[in-house]
Structures are given as C-alpha cells and as structure tokens.
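Examination of the molecular architecture
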Amino acid sequence: LAFDLLVVTGERTRDYFREKGLPTEVVHKGFSPAHFRSEGHSRTLSMVMYGQEYLSRRLARQALERAGIPIYNVRADFTSLSSELNRSVAALSCTLDGRTIGGKALRPLVRQFPQLLIRTLPGPEPMLKLFESSASGCATFVDWVPDLEPLGFVDGETAVIFRSIEEL
C-alpha cells in the first residue's frame, strides 16, 4: 500500500505487525480532560461497565453478579458519559479475548453455560474506556496488558488489574 509507518494503539499489536516486517509504532489512546473528570459528589457502591458486551465482558459481569457486586451497563452519549461514570465508585474495562469452545456450533448454548463454553486470552491493548473511567474518578478494574504500567496504571495504586475472570 506504499505506506512508511503503521501507527497502532497497543504494544502487542505493534509487536505483531513488526514480526510481519511492517514498520510500526505505538501511540496510546487518551482522554479529553474537558469531557472526563471527577465531579466530586458522592457515588453509589456499584460498578459500571459500558460498550458492547463481548463474550469476556459477559463472563466478567456474570462473575461479579454471582459475587453480589452491583454492576450495571451504562448507555450514554459521549457528552454525558462522564456524569454517568461519576455515579459509581468503580468501572470495569475488560478487553480479554473471549473465544467460544466448539466455535459457531455451540454458540447458541453460550448464554446458558458461559463459564463452560468461553475461554479467555489476554486482550490486545488498553481500551479507551480505561482512560475515560479513570479520569472520571472511578476505581477502574482492568485486565492486564503489557502497556498498563508504562502508562501509569499500577495494580492496587491507580487501577485494579486482573489476569482472568476468576481473579477478577
């Protein structure tokens, strides 16, 4: 395609393309302080998640619900998302790669038996929601990717980092 440089938003993605011989660099996602900030008011003892409910996010939500942790899915436009995030003490940013065992043939059974039929692998990169929820003052729970610590996300200090649904 005659390009000189591929720019991606995660170290794993960069490494993948470099292994293929493509010149690749990382520019991480971020957030706009004009749109995402802590509003300083009281929050409910709940966890929020937002965005599409991928297989791994479904597993995470169900595991948290079984543990008695109130979690709800926010649907808000960009301009009101920070205010919605400010209602909860915590947010979930789950990027684990979820795969259905048995492929498409067993997919209809996933809703009934997700813990048995979905396997997770590490996610590709930090999602934008990690930055948005942290900037909005939420204790952000995020699955481990190599980019986190260089970006300032340290387990137990600036984020709660997990490696599996069980650990979450």
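In what follows, the structure referred to is the one given above.
The paragraphs below set out a description of the structure included in this document. The shown structure was predicted, so the numbers you read here are calculated from the model rather than taken from an experiment.

The next subject is the overall build of the protein chain. When you go through the protein chain residue by residue, the secondary structure sums to five helices and nine strands. Its helices and strands in sequence order give the protein chain the pattern β-α-β-β-α-β-α-β-β-α-β-α-β-β, from N to C terminus. Within the protein chain, the fraction of its 168 residues that count as buried is 38%. Residue pairs at least 24 apart in sequence account for 62% of intrachain contacts in the protein chain once pairs closer than 6 positions are excluded. Accessible surface, the protein chain as shown: approximately 9500 Å² in total, 56% of it carbon and sulfur.

Quick look at helix α1 (residues 11-19) now. The α-helix advances 3.6 residues per turn, and as a result positions three or four apart in sequence lie on the same side. Those residues of α1 lying buried are E11, T13 and R14. All buried residues of α1 lie within an arc of 160° about the axis, which places them on one face of the element. Each element contacted by the buried residues of α1 is listed here: β1 (6-8) and β2 (24-26). One or two steps after α1, the chain reaches G21, where phi turns positive at roughly 90°.

To continue, consider the sheet that holds strand β3 (residues 44-50). Strand-to-strand pairing in sheets goes through backbone hydrogen bonds, with the strands running parallel or antiparallel. Across the sheet, which stays open at both edges, the five strands sit in the order β4-β3-β5-β8-β9 with parallel pairing between neighbours. Whereas interior strands pair on both sides, the edge strands pair on one side only; in this sheet they are β4 (71-74) and β9 (160-162). The average undirected angle you get between the axes of adjacent strands in this sheet is 25°. One ladder, built from four bridges, connects β3 with β4; its direction is parallel. Looking at the pairing, M49 lines up with N73 of β4.

To continue, consider the pattern of salt bridges. With the rule as written, the count across this model stands at seven salt bridges. The salt bridge involving E53 is made with R61; its shortest N-O contact spans 2.4 Å. Classification of E53 as partly exposed rests on a relative accessible area of 26%. Among the ionic pairs, R61 bridges to E65, the shortest N-O distance being 3.2 Å. With R61 and E65 both in helix α2 (residues 55-66) and four residues apart, the pair spans about one turn of that helix.

A separate point is the nonpolar core. In terms of nonpolar packing, the biggest core is built from 13 residues, with M47, I71, L92, C94 and I165 touching the most fellow members. Of all elements in the fold, only β3, α2 and β5 (88-93) reach the threshold of two or more residues within this core. When residues in this core are grouped by element, the largest group, four residues, is from α2. Other than its neighbours up to four places away in sequence, L92 contacts M47, V48, M49, A60, L64, I71, K129, F141, F162 and L168. Core analysis: the second largest hydrophobic core is formed by nine residues, F36, Y50, V74 and L85 among them.

Cut-offs used in this document
Residues numbered from 1 in each chain as written. Predicted model: local features only at pLDDT ≥ 70, side-chain atom pairs only at ≥ 80, totals over all residues. Heavy atoms only, no water. Helix = DSSP H or I, 4+ residues; strand = E, 2+ residues; numbered from the N terminus. Buried < 20%, exposed > 50% of the residue type's maximum accessible area, 1.4 Å probe, protein only. Contact = heavy atoms within 4.5 Å. Areas by Shrake-Rupley, 256 points an atom, 1.4 Å probe, with all protein chains shown as cover. Arc of directions from axis to C-beta. Pairing = 2+ DSSP bridges. Axes fitted to C-alpha atoms, helices over the stretch in contact; angles between N-to-C directions. Salt bridge = Lys/Arg side-chain N within 4 Å of Asp/Glu carboxyl O. Core = buried A, V, L, I, M, F, W, Y, C linked by side-chain atoms within 4.5 Å.

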